[in-house]
Amino acid sequence: MSSSEYPDLLEECTPRDDVLDGTLQEEQFAAKLSTVVHNPENAAPVYRDPGPFFDMTYPTEGLRTLLSNLAGRFLATTDYNSGAYTSSILCLDTRFGGGKTHDLIAAYHLAENPSAIDDLGHYLLEADDDLATSYQAAAAEGLDVATGVFIGTKADSKDARHSNSDPNAPNTRTMWGELAYQLYGLDGYEVLKDYDQDRDAPGEGKLSELFARYDQPALILIDEIADYMNKAAGTPVGDKTLADQTLSFVMALLEAAAETDNVTVVYSIADTAFGEQADMVRDGVREHIEEVNEIGRRQHKTVTPTDENEIGQVLQHRLFTDVPDGAAREAAEAYFQFYDQGDRQYPQKATDASYVDVLAREYPFHPSLIDALTDKIDTIPRFQRTRDALRLLARSVYYLWNHQPDSYERHWMRIYDLTVADDDPGGGIQTILRERLFDFVDLGPAVTADLYVEDGTAHAQLEDRKWTENGLPPLGTHLTTTILWHSLAYGEQAVGLTHADLNLALGHPHLSFDDYDAALSALSGDDMDVACYYFTLLQVQN
């Protein structure tokens with residue numbers, strides 16, 4: 001039962017069925033724009049079909065901004081009021097968060113099948129309900145948006161074709177040839193055929209001529225341009241390369257789109273660091289990408305798909321069908337009072353008045369859990385902030401709801417809910433750790449020795465017995481699991497966690513900090529005044 005002061009998480013919140021029964025498939029974490037557009041029969045229904053896709057989508061400010069701009073642009077060729085949306089170039093900048101692919105798929109569905117989106121106004125900016133109604137009405141009356149989608153990982157320097165199932169598709173060789181065909185069919189391709197076959201970029205004038213032939217609005221989506229540029233840099237075209245020609249085309253395309261009402265370009269700002277593949281980037285490509293990025297940031301509207309403050313809400317929306325606002329606010333206020341009036345040290349942010357709103361916004365996830373995923377674990381190169389966080393949290397929700405504790409009341413999802421006891425080889429948390437994270441921070445042997453083994457003889461499990469035999473939670477596992485995830489960081493974020501951080505991650509009004517201290521002392525034998533804990537340095541004892 002919930003106390004009047006602290007809502008019971010397991011009673012108040014309702015996970016989605018596929019999360020609760022553990023059937024959320026791996027393919028549903030990996031949205032692929034190319035599959036949705038060019039091979040929809042192979043796409044997961046949650047991405048392929050607009051209805052389920054938008055039902056699972058949290059309307060971030062970036063998504064609303066993108067879709068409002070697009071709806072307004074699509075209406076510019078009609079008699080309907082298109083509002084004040086005139087941006088012909090929209091750049092998705094994901095340097096500070098994820099959500100790029102999700103937003104590109106949303107843009108594609110908005111253009112291709114707006115009638116299938118229930119309550120479209122919910123996904124546009126506030127006060128744009130009339131815009132949503134007008135766009136869906138125009139679509140019902142025959143407004144047809146031409147779409148062209150170019151994905152750098154799908155094409156290479158010799159073959160730009162995106163669909164292998166289209167018997168009419170020409171053997172396109174360039175970005176401009178492929179986009180012309182996707183937008184306007186063989187007639188459109190004929191306009192740029194010679195440019196495509198010669199790998200000679202058309203100028204702004206030729207592109208404007210192409211666009212002027214058609215009255216319908218057009219949406220061009222370009223993604224993974226850095227990958228394509230890197231491949232194109234190895235293909236000579238006269239005394240230049242295909243990458244040089246592609247850069248010229250992109251610049252001409254942006255200029256041509258800016259001069260017409262019926263063409264809108266959405267492209268993703270490329271990662272100029274190229275991650276782990278930095279040594280594979282060909283000469284000159286980095287400069288090309290930086291130039292494309294700078295054009296977008298300087299001249300056109302930049303959209304951040306998911307702000308850092310929205311990540312918890314995105315995850316909450318996908319994993320739960322019901323998270324009551326009243327319970328969120330009640331838990332937030334009660335826990336802020338617990339932090340503010342307690343005698344333990346917490347990070348400064350936890351005792352600032354604004355932390356109440358943070359707690360309410362992130363509920364049912366404790367903010368310390370979201371922070372660990374986005375600030376520390378996200379530094380590991382193979383970890384994808386939104387996608388992999390969703391995988392981990394889906395499993396943690398599944399495991400908690402199917403292994404509900406009877407020794408204490410749960411108020412939040414905590415970082416120790418990312419339990420390695422979920423060792424399902426088909427995709428459990430321990431599998432995710434070993435396959436995606438331990439390549440960079442190898443703590444596998446430490447997990448086996450100190451945290452969890454099936455026979456219950458890991459050091460934390462032995463410590464747990466002292467507490468569970470007395471009707472308390474497994475405090476040793478709470479501690480070591482928390483320290484484990486804070487040890488999974490790369491570079492300057494690999495600093496462990498302070499005792500104040502540990503207090504925030506574990507603090508519960510019905511559990512004693514003295515008991516946690518005793519368990520930590522038994523596990524580590526360290527001085528309690530030590531500044532930070534690292535899982536690799538934790539000296540556990542039998």
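What you are looking at is a predicted structure, and each value in this text was computed from that prediction instead of being measured. The written sequence of each chain sets the order in which its residues are numbered from 1. Restriction of local features to residues with pLDDT of at least 70 applies here, the model being predicted, together with a cutoff of 80 or more for giving and counting side-chain atom pairs; totals for whole chains, interfaces and linings are based on all residues. Just so you know, side-chain values use all the structure's heavy atoms and leave hydrogens and water out.

**Student:** I keep staring at the overall build of the chain and nothing clicks. Help me out?
**Tutor:** Per the convention used, a helix needs a DSSP run of H or I reaching at least four residues, while a strand needs a run of E reaching at least two, with both numbered from the N terminus. Helix and strand counts for the chain stand at 24 helices and 11 strands. Taking the intrachain contacts of the chain between residues at least 6 apart in sequence as the baseline, contacts between residues at least 24 apart amount to 72%. Only carbon and sulfur atoms are counted for the fraction: they give 43% of the accessible area of the chain, which is about 22500 Å². Note on definitions: a residue-residue contact is assigned when non-hydrogen atoms from the two residues lie within 4.5 Å. What sets the accessible areas is the Shrake-Rupley method with a 1.4 Å probe; for residues, cover comes only from the shown protein chains.

**Student:** Help me understand the pattern of salt bridges, please; the structure alone is not making it clear to me.
**Tutor:** Pairing between side chains of opposite charge can happen when the charged atoms of each approach one another. Within this document, salt bridges are pairs made up of a side-chain nitrogen of Lys or Arg and a carboxyl oxygen of Asp or Glu, the two lying within 4 Å of each other. Scanning all chains against the criterion turns up 19 salt bridges. Note that Glu209 and Lys206 form a salt bridge whose closest N and O atoms lie 3.5 Å from each other. Placement of both Glu209 and Lys206 in helix 10 (residues 204-212) is noted, with a separation of 3 residues, approximately one turn of the helix. Put simply, Asp517 and Arg344 hold a salt bridge, and the shortest N to O gap is 2.6 Å. Placement of Asp517 in helix 24 (residues 513-524) and of Arg344 in the loop between helix 15 (325-341) and helix 16 (355-362) is noted, with a sequence separation of 173 residues between them. A network of salt bridges, in which partner residues are shared, links Lys100, Asp223 and Glu224.

**Student:** Just to check I follow, could you spell out the pairing of strand 7 (residues 263-268) for this structure?
**Tutor:** Note on strand geometry: in a regular strand, side chains alternate between the two faces of the sheet. Any residue under 20% of the maximum accessible area for its type is buried, any over 50% is exposed, and the rest in between are partly exposed; the area is computed with a 1.4 Å probe on protein chains only. Burial within strand 7 is extensive, with 6 of its 6 residues counted as buried. Burial along strand 7 is two-sided: the residues Val263, Val265 and Tyr267 and Thr264, Val266 and Ser268 are all buried. When DSSP finds two or more bridges between two strands, those strands count as paired. Direction of pairing for strand 2 (residues 89-92) relative to strand 7: parallel, over a ladder of 4 bridges. Within strand 7, the residue paired with Ile89 across the bridge is Val265. In the sheet, strand 4 (residues 218-223) pairs with strand 7 via 5 bridges, with the strands oriented parallel. When the bridges of strand 7 are listed, Leu219 appears paired with Thr264.

**Student:** Is there a simple way to think about helix 6 (residues 61-74) in this case?
**Tutor:** The α-helix winds at 3.6 residues per turn, so residues separated by three or four positions along the chain end up facing the same way. A helix's residues, less one, multiplied by 1.5 Å, set its expected span. Between its terminal C-alpha atoms helix 6 stretches 20 Å, which fits the 20 Å expected from 14 residues at 1.5 Å a residue. Burial of helix 6 is extensive: 13 of the 14 residues sit out of reach of the surface.

**Student:** Would you mind showing me how to read the pairing of strand 4 here?
**Tutor:** With 6 of 6 residues buried, strand 4 is to be regarded as a mostly interior element. The side-chain alternation of strand 4 yields two buried faces, one formed by Ala218, Ile220 and Ile222 and the other by Leu219, Leu221 and Asp223. Across 6 bridges, the pairing between strand 3 (residues 146-151) and strand 4 is parallel. Counterpart to Ala146 in the pairing with strand 4 is Ala218.

**Student:** Looking at this structure, I do not really get the confidence of the model for the chain. What am I missing?
**Tutor:** Fine structural detail should not be taken from predicted coordinates in areas where pLDDT scores are low. Scored by pLDDT, the chain has a mean of 87; 88% of the residues are at 70 or more. pLDDT expresses how confident the predictor is about each individual residue, on a scale running from 0 to 100. Between the elements of the chain, mean pLDDT differs from a low of 40, seen in strand 11 (residues 532-533), to a high of 98, seen in helix 9 (residues 175-198). Counting contacts from residues 527-534, a segment whose pLDDT is below 50, to residues more than four positions away or on other chains yields 22 contacts.

**Student:** Before we go on, may I ask you to explain a negative patch on the surface in this structure?
**Tutor:** Like-charged residues are merged into a patch within 9 Å and nonpolar side chains (Val, Leu, Ile, Met, Phe, Trp, Tyr) within 5 Å, provided each residue has over 30% relative accessible area and no salt bridge. In this tally Asp and Glu are treated as negative and Lys and Arg as positive; neither His nor the chain ends contributes. To locate a charge, the coordinates of NZ of Lys, CZ of Arg, CG of Asp or CD of Glu are taken. Among the surface-exposed residues, Asp187, Glu190, Asp194, Asp198 and Asp200 lie close enough to one another that they form a single negatively charged patch. Mapping Asp198 onto the fold places it in helix 9. Taking relative accessible area as the criterion, Asp198 reaches 55% and is therefore assigned exposed.

**Student:** In this structure, what is going on with the environment of Glu454? I would like to understand it.
**Tutor:** Position of Glu454 among the secondary structure elements: in the loop between helix 20 (444-451) and helix 21 (459-468). Owing to a relative accessible area of 73%, Glu454 belongs among the exposed residues under this scheme. In sequence terms Glu454 and Asp423 are 31 residues apart; their C-alpha atoms lie 9.0 Å from each other.

**Student:** It is not clear to me how the nonpolar core should be interpreted in this structure. Could you clarify?
**Tutor:** What tends to happen in soluble globular proteins is that the nonpolar side chains get buried as a cluster. Counting 65 residues, the largest nonpolar core has Trp485 and Leu488 as the members making the most contacts within it. Counting residues per element, this core draws most heavily on helix 15, at 9 residues. Beyond its immediate stretch of four places on either side in the chain, Leu488 contacts Lys376, Ile377, Ile380, Leu433, Leu437, Phe438, Val441 and Leu443. Note on terminology: a nonpolar core comprises buried Ala, Val, Leu, Ile, Met, Phe, Trp, Tyr and Cys residues joined through side-chain atoms within 4.5 Å. Within the second largest apolar cluster, 45 residues are counted, among which are Phe54, Ala71, Ile105 and Leu125.

**Student:** Just checking my understanding: could you explain the side chain of Asn503 for this structure?
**Tutor:** Looking at the element boundaries, Asn503 is found in helix 23 (residues 499-506). If we skip the residues at most four places from it in the chain, Asn503 touches Arg344, Gln345, Tyr346 and Phe513.

**Student:** Just checking my understanding: could you explain the sheet that holds strand 7 for this structure?
**Tutor:** Strand pairing in a sheet takes place through backbone hydrogen bonds and is either antiparallel or parallel in direction. The sheet built from 5 strands is open, its strands ordered 3-4-7-2-8 with parallel pairing. Of all the strands in the sheet, just strand 3 and strand 8 (301-303) have a single pairing partner and so form its edges. Averaged over all adjacent pairs, the angle separating strand axes in this sheet is 15°, with direction ignored. Bridging between strand 2 and strand 8 involves 3 bridges; their strand directions are parallel. Looking at strand 8, one finds that Leu90 is bridged to Lys301. Orientation is described by lines fitted to C-alpha atoms, with helices fitted over the stretch in contact, and by angles between N-to-C directions that extend from 0 to 180 degrees. This element, helix 9, spans strand 3 and strand 4 of the sheet and lies at about 150° to strand 3.

**Student:** Just checking my understanding: could you explain unusual backbone geometry for this structure?
**Tutor:** Working note: non-glycine residues mostly have negative phi, and peptide bonds are mostly trans. Residues Tyr363 and Pro364 are joined by a peptide bond in cis, for which omega reads 10°. With respect to the element layout, Pro364 can be found in the loop between helix 16 and helix 17 (367-376). Positive phi, normally seen in glycine, also occurs at Asp119, with a value near 50°. When you line up the elements, Asp119 lands in the loop between helix 7 (100-112) and helix 8 (129-140). Taking relative accessible area as the criterion, Asp119 reaches 56% and is therefore assigned exposed.

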